[in-house]
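Each chain, written out:
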Amino acid sequence: MSILKKMQQPLFWRNVIRVTIPFFIFVTLFSLVFTNSKDIFSGNFNNVYEINFSNGKWIRFWGFKIIFSFIYGIWITNKKMT
């Protein structure tokens, strides 16, 4: 079945959400810990904020992860659905 036919099924989108949300949480936590582990474990959350979220940086931080997670969810769901 083609991806366009699969996308017309409500089950496809429920499965996309089921894959996307946990993957989004994982990617976000991994990204924060990987790039700011020293500041997170020392409790320096102001530095984490300055590096990732201040001055409009939050758009790039969240935007990339949302788009990446959504594309991953569609890809995995398409592979798994018959």
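Read on for an overview of the structure. (Residues numbered from 1 in each chain as written. Predicted model: local features only at pLDDT ≥ 70, side-chain atom pairs only at ≥ 80, totals over all residues. Heavy atoms only, no water.)

### Description of helix H4 (residues 57-80)
For clarity, the cut-off: The numbering of helices and of strands both runs from the N terminus, where a helix is a DSSP run of H or I of at least 4 residues and a strand a run of E of at least 2. Between the first and last residue of a helix there are one fewer steps than residues, each counted as 1.5 Å, and that sum is the expected span. When a residue's accessible area, from a 1.4 Å probe over protein chains only, is under 20% of the maximum for its type it is buried; when over 50% it is exposed; and in between it is partly exposed. Contacts were defined at the residue level, with two residues in contact if any of their heavy atoms lie within 4.5 Å.
The first and last C-alpha atoms of H4 sit 35 Å apart over 24 residues, in line with the 34 Å expected at 1.5 Å per residue. What H4 keeps buried is the set Phe61, Lys65, Ser69, Gly73, Ile74, Ile76 and Thr77. Taken together, the buried residues of H4 touch helix H1 (3-7), helix H2 (10-42) and helix H3 (45-52).

### Quick word on the packing of aromatic side chains
Applicable threshold: The rule is short: rings of Phe, Tyr and Trp, with Trp giving its six-membered ring, pair when the centres are within 6.5 Å, and they are stacked under 30 degrees, edge-to-face over 60, tilted in between. Charge-over-ring contacts are defined here by two conditions on Lys NZ or Arg CZ: a distance within 6 Å of the ring centre and an angle within 35 degrees of the ring normal.
Summed over the entire model, instances satisfying the criterion amount to twelve aromatic pairs. Ring geometry for phenylalanine 23 against tyrosine 72: centres 4.0 Å apart, planes inclined by 20°, an arrangement best described as stacked. Of the two residues, phenylalanine 23 sits in helix H2 while tyrosine 72 sits in helix H4, which places them 49 residues apart along the sequence. Residue classification places phenylalanine 23 among the buried residues on the basis of a relative accessible area of 18%. Classification of tyrosine 72 by relative accessible area gives partly exposed; the value is 27%. Taken together, a centroid distance of 6.0 Å and an interplanar angle of 25° make the contact between phenylalanine 53 and tryptophan 62 stacked. In this structure an aromatic cluster arises from ring pairing among Phe23, Phe64, Phe68, Tyr72 and Trp75. Here lysine 65 stacks its cationic end above the ring of phenylalanine 61, 3.9 Å away from the centre of that ring. Sitting over the ring of tryptophan 75, lysine 79 keeps its end group 4.7 Å from the ring centre.

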